[in-house]
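Coordinate inspection notes
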Amino acid sequence: MIREAMEMPPKGGFSFDLCKRNDMLVKKGLKEPSFLKTGTTIVGLIFKDGVILGADTRATEGPIVADKNCEKIHYMAPNIYCCGAGTAADTEAVTGTHNFCSLSRCNQHVPFYFICLFSANFILQWLFLDMVSSQLKLHRYHTGRESRVVTALSLLKSHLFSYQGYVSAALVLGGVDVTGPHLHTIYPHGSTDTLPFATMGSGSLAAMAVFESKYREGLTRDEGVKLVSEAICSGIFNDLGSGSNVDICVITQGEKEYLRNHMLPNPRTYISEKGYSFSKKTEVLRTKITPLREMVEVIEGGDAMEE
Amino acid sequence: MTKQQANWSPYDNNGGTCVAIAGTDYCVIAADTRMSSGYNILTRDYSKIIQLVDTSVLASSGFQADVRALQKVLAAKHLQYQYQHNKQMSCPAMAQLLSNTLYYKRFFPYYAFNVLGGLDREGKGCVFTYDAVGSYERVGYSSQGSGSTLITPFLDNQLKSPGPLLLPARDAVTPLSESEAIDLVKTCFASATERDIYTGDKLEILILNASGTRVEYMELRKD
């Protein structure tokens, strides 16, 4: 049976050379980082005039909150925004510089050996949303038209599918174009759904419970924002992976409103009046200065350089 | 032939954090009231603290089923002691009893991270800190549970002696008053709640002193 498998032609695409080594490490007792439903609540819904996206603002590294106020609603095009769960939720790396501590945002304590695997994954992730946003811009220049949501959808899903689920992005994509308002969910393996309301992340069940109870077609803008806020709050208070504040993005024909920190339902509960002092505890015992190089003084008025 | 791994664990971690601080004539024991399992909250209003004797209070985080069983065993043992010796157990005696009880189950431990606080026979505050199998030590303050890694460095900074390299060795900073200790505990928990997902909801504080036991509550972040 083993001989038969060896005789089959290589399948092409991904190389799994490290799998045997990873198995060996797991047998030796190393805990493999598993890709759980990631600590986030993201939602989207379609209302009368367009789309509303919502997200919480907590980024976790295992049981610790790494960022109390991160941005999970990313820009794709002027009329299209995308919420990301998992490493995709690390906006700071998507828009700015990325650093090593943001690697484990998808909620795992990553041992050093896996960081190489992870960093490849994470760099792909970071480049990914930025890349699709840039591709859309080039497409706009090429066609001379406003981007359509289905275009962004196809670009995202084909990229994710080609990485066979290794790019850990669970997205809620929403926008309004000439064909109307659209809302889609995209899973790490590349499958998509088109829905009137959607939730993703570890708080998705809590948020979906609110949507299933209260959603109806033809909501007004204020009703929609209120419902999205309720759904995100449900995720924030009932899911430990989600927390802090509510971010909202309202997209309508020709207009978008990014309501950063629309709700702040979690203020700090206690601040001591007297405050705390942190006196310098490490005393200098000895100072020794060793010059490494002699100071050379340059005096002006030397010989002029020869031609 | 690889060894078959268990696909079921008898333990679960219900999260939570406990802190205790001992003073010259008082003891402050505090714990949050959140009970969780995985990413879910089971209840926001569960007390991890039990008063075993007038002068001994036990706070435990970890697996609450084991904690509850441990509390029952200790209460029963204390009752027997009272019948046999015609007096209440002192805090150091209770500390030793707890250590022995935990070690009896050395090979199937109680998944409980304990902090025992109280007043000794002289009326001074005492705090005993434990690991899961009964190793214990009398200390001036302690923290156990999911938020302990966040709280202990702060308490070390505020309560411990400055720089170990200093000679002559200086003792801890000015001894805390009862209200200062309570303020410190509230700050610890408010801060731990910000960064630890398993700590939050409500804080329960028990203060033991010569005039008896007092309870205080404080709201914490619920997210």
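Residues numbered from 1 in each chain as written. Chains lettered and ligands numbered in written order. Predicted model: local features only at pLDDT ≥ 70, side-chain atom pairs only at ≥ 80, totals over all residues. Heavy atoms only, no water.

1. Concerning the sheet that holds strand β9 (residues 192-194) of chain A
All names here are of chain A. Pairing in this open sheet of 5 strands is antiparallel, and the strands run β5-β6-β7-β8-β9 from one edge to the other. The two strands at the open ends of the sheet, each matched to only one other strand, are β5 (73-77) and β9. This sheet shows a mean twist of 20° between the axes of neighbouring strands, independent of strand direction. Sheet analysis places strand β6 (residues 80-86) next to strand β7 (residues 169-177), joined by 7 bridges and oriented antiparallel. The residue bridging Cys82 from the neighbouring strand is Leu173, located in β7. In the packing of helix α5 (residues 149-162) onto the sheet, contacts are made with β6, β7, β8 (180-186) and β9, and the angle to β7 comes to roughly 165°. (Pairing = 2+ DSSP bridges. Helix = DSSP H or I, 4+ residues; strand = E, 2+ residues; numbered from the N terminus. Axes fitted to C-alpha atoms, helices over the stretch in contact; angles between N-to-C directions. Contact = heavy atoms within 4.5 Å.)

2. Digging into the side chain of Thr199 of chain A
Residue and element names in this part refer to chain A. Considering the arrangement of structural elements, one finds Thr199 in strand β10 (residues 197-200). Owing to a relative accessible area of 10%, Thr199 belongs among the buried residues under this scheme. In this view, Thr199 contacts Ile42, Val43, Ser204, Ala207, Met208 and Phe211; residues no more than four positions away in its chain are not counted. (Buried < 20%, exposed > 50% of the residue type's maximum accessible area, 1.4 Å probe, protein only.)

3. Examining the sheet that holds strand β2 (residues 50-56) of chain A
Residue and element names in this part refer to chain A. If you walk across this open sheet you meet the 5 strands as β10-β1-β2-β11-β12, and the pairing is antiparallel. Edge positions in the sheet fall to β10 and β12 (255-263), since each of these pairs with one other strand and no more. In this sheet, adjacent strand axes meet at a mean angle of 10° when their direction is disregarded. Here β2 pairs with strand β11 (residues 246-252) via 7 bridges, running antiparallel. Counterpart to Gly50 in the pairing with β11 is Thr252. Against the sheet, helix α6 (residues 204-214) contacts β1 (42-46) and β10, and its axis sits at roughly 160° relative to β10. Seen against the sheet, helix α7 (residues 221-238) touches β1, β2, β11 and β12 and runs at an angle of roughly 25° to β2.

4. Side note on the confidence of the model for chain A
Mean pLDDT over chain A: 81, with 78% of residues reaching 70 or higher. Ignoring residues within four places in sequence, the model shows residues 88-123 of chain A, a span with pLDDT below 50, making 82 contacts including any to other chains. (pLDDT = per-residue confidence, 0-100.)

5. Re the side chain of Thr41 of chain A
With respect to the helices and strands, the residue Thr41 of chain A is situated in the loop between α2 (19-27) and β1. Other than its neighbours up to four places away in sequence, Thr41 of chain A contacts Gly54, Ala55, Asp56, Met200, Gly203, Ala207, Ala231, Ile232, Gly235, Ile236, Asp239 and Ser242 of chain A.

6. So, the pairing of strand β12 (residues 212-219) of chain B
Across a regular strand the side chains alternate sides, sitting on one face of the sheet and then on the other. Residue and element names in this part refer to chain B. Pairing of strand β11 (residues 202-209) with β12, which is carried by 8 bridges, proceeds in the antiparallel orientation. Its bridge partner being in β12, Leu208 is matched across the sheet by Thr213. As consecutive antiparallel partners, β11 and β12 are separated by 2 residues.

7. Observations regarding the interface of chain A and chain B
Contacts between the two partners involve 36 residues from chain A, matched on the other side by 36 residues from chain B. Where chain A abuts chain B, roughly 3,000 Å² becomes buried across the two surfaces, and 54% of that area is made up of carbon and sulfur atoms. A salt bridge links Arg58 of chain A to Asp223 of chain B; the nearest nitrogen and oxygen atoms lie 3.2 Å apart. In this assembly, chain A and chain B are joined by 18 residue pairs in polar contact (both at pLDDT 80 or more). At the level of elements, β4 (64-67) and α7 of chain A are the ones that each hand at least two residues to the side of chain A that touches chain B. A class-by-class count of the residues in the side of chain A that touches chain B yields 12 nonpolar, 14 polar and 10 charged. (Buried area = accessible area lost by both parts, 1.4 Å probe. Salt bridge = Lys/Arg side-chain N within 4 Å of Asp/Glu carboxyl O. Polar contact = N/O pair within 3.5 Å; in protein donor to acceptor, adjacent residues only side chain to side chain. Nonpolar A, V, L, I, M, F, W, Y, C, P; charged D, E, K, R; others polar.)

8. Looking at the pattern of salt bridges
Where charged atoms from two side chains of opposite charge approach closely, those side chains can pair. Scanning all chains against the criterion turns up 22 salt bridges over all chains. Between Arg221 of chain B and Glu194 of chain B there is a salt bridge, with the nearest N and O atoms lying 3.3 Å from each other. Taken as a pair, Arg221 of chain B in the segment after β12 and Glu194 of chain B in helix α4 (residues 178-195) lie far apart in primary sequence, 27 residues in all. Given a relative accessible area of 7%, Arg221 of chain B falls into the buried group. Each member of the salt-bridge network shares a partner with another, and the members are Arg58 and Lys68 of chain A together with Glu194, Arg221 and Asp223 of chain B.

9. Description of unusual backbone geometry
Here the phi dihedral of Gln164 of chain A falls at roughly 50°; this positive angle occurs in a residue that is not glycine. Positionally, Gln164 of chain A belongs in the loop between α5 and β7. Using a relative accessible area of 40% as the deciding quantity, one classes Gln164 of chain A as partly exposed. Residues other than glycine seldom take positive phi values, yet Asp201 of chain B does so here, at roughly 70°. Structurally, Asp201 of chain B can be placed in the loop between α4 and β11. Note on Asp201 of chain B: relative accessible area 1%, which makes it buried.

10. Here's the deal with the nonpolar core
Judged by nonpolar contacts, the single largest core of 38 residues is most densely connected at Leu45, Ile52, Leu53, Phe211, Val228 and Ile248 of chain A. By residue number, the principal contributor to this core is α7 of chain A, which donates 7 residues. Core analysis: the second largest hydrophobic core is formed by 24 residues, Tyr270 of chain A together with Val19, Val28 and Ala181 of chain B among them. (Core = buried A, V, L, I, M, F, W, Y, C linked by side-chain atoms within 4.5 Å.)

11. Section: the environment of Leu219 of chain A
Residue and element names in this part refer to chain A. Here Leu219 shows up in the loop between α6 and α7. With relative accessibility at 3%, the residue Leu219 sits in the buried group. For Leu219 and Ile46, which are 173 residues apart along the polypeptide, the C-alpha to C-alpha distance reads 8.2 Å. What Leu219 contacts, discounting residues up to four positions off in sequence, is Leu45, Phe47, Lys48, Gly224 and Leu227.

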